[in-house]
Amino acid sequence: ICWEGHAAYQYLKKKNAAITASSEDEIYQNVKNIVHNPEIVSEYAKKAYICGKNNHQRKDVQKMLADDFKMVIEEC
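Basis of the calculations
Residues numbered from 1 in each chain as written. Predicted model: local features only at pLDDT ≥ 70, side-chain atom pairs only at ≥ 80, totals over all residues. Heavy atoms only, no water. Helix = DSSP H or I, 4+ residues; strand = E, 2+ residues; numbered from the N terminus. Rg over C-alpha atoms; globule rule 2.2 N^0.38 Å. Buried < 20%, exposed > 50% of the residue type's maximum accessible area, 1.4 Å probe, protein only. Contact = heavy atoms within 4.5 Å. Phe/Tyr/Trp six-rings, centres within 6.5 Å; stacked < 30°, edge-to-face > 60°. Lys NZ or Arg CZ within 6 Å of the ring centre and 35° of its normal.

Asks: Can you lay out the overall build of the protein chain for me, pointing to particular residues and giving the numbers?
Replies: Within the protein chain, the regular secondary structure consists of four helices and zero strands. Reading the secondary structure of the protein chain in the N-to-C direction produces α-α-α-α. Taking 2.2 N^0.38 as the reference for a compact globule, 76 residues should give roughly 11 Å; the C-alpha atoms of the protein chain span a radius of gyration of 17 Å, well beyond that estimate. For the C-alpha atoms alone, the extent of the protein chain along its principal axes is close to 55 × 25 × 10 Å. Among the 76 residues that make up the protein chain, the fraction classed as buried is 9%. For the protein chain, restricting intrachain contacts to residue pairs at least 6 apart in sequence, the fraction spanning at least 24 positions comes to 34%.

Asks: Can you lay out the packing of aromatic side chains for me, pointing to particular residues and giving the numbers?
Replies: Counted according to the given criterion, the structure contains zero aromatic pairs. Over the face of the ring belonging to Tyr-44 we find Lys-47, whose NZ or CZ atom lies 4.4 Å from the ring centre.

Asks: Explain the side chain of Asn-30 residue by residue, including any values.
Replies: Examined against the element boundaries, Asn-30 turns out to sit in helix H2 (residues 24-36). Contacts of Asn-30, omitting those with residues within four sequence positions, involve Ile-19, Thr-20 and Ala-21.

Below, the structure written as structure tokens:
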């Protein structure tokens, strides 16, 4: 629940890895959907896990960071 321009909100929405809301109406709709379809919580738990596994492994993030530093250093 946050401003829709927030980077984390946009990322999670793009990856479909979380139930997101940027307004009171969206909060209400999301809660209503969960009440009528409680399996949504399990589905998003799996989606969040897969997103984390695919995009946030320590070695991959460290490599991307190191590559970015190398690129900046080479440009200087």
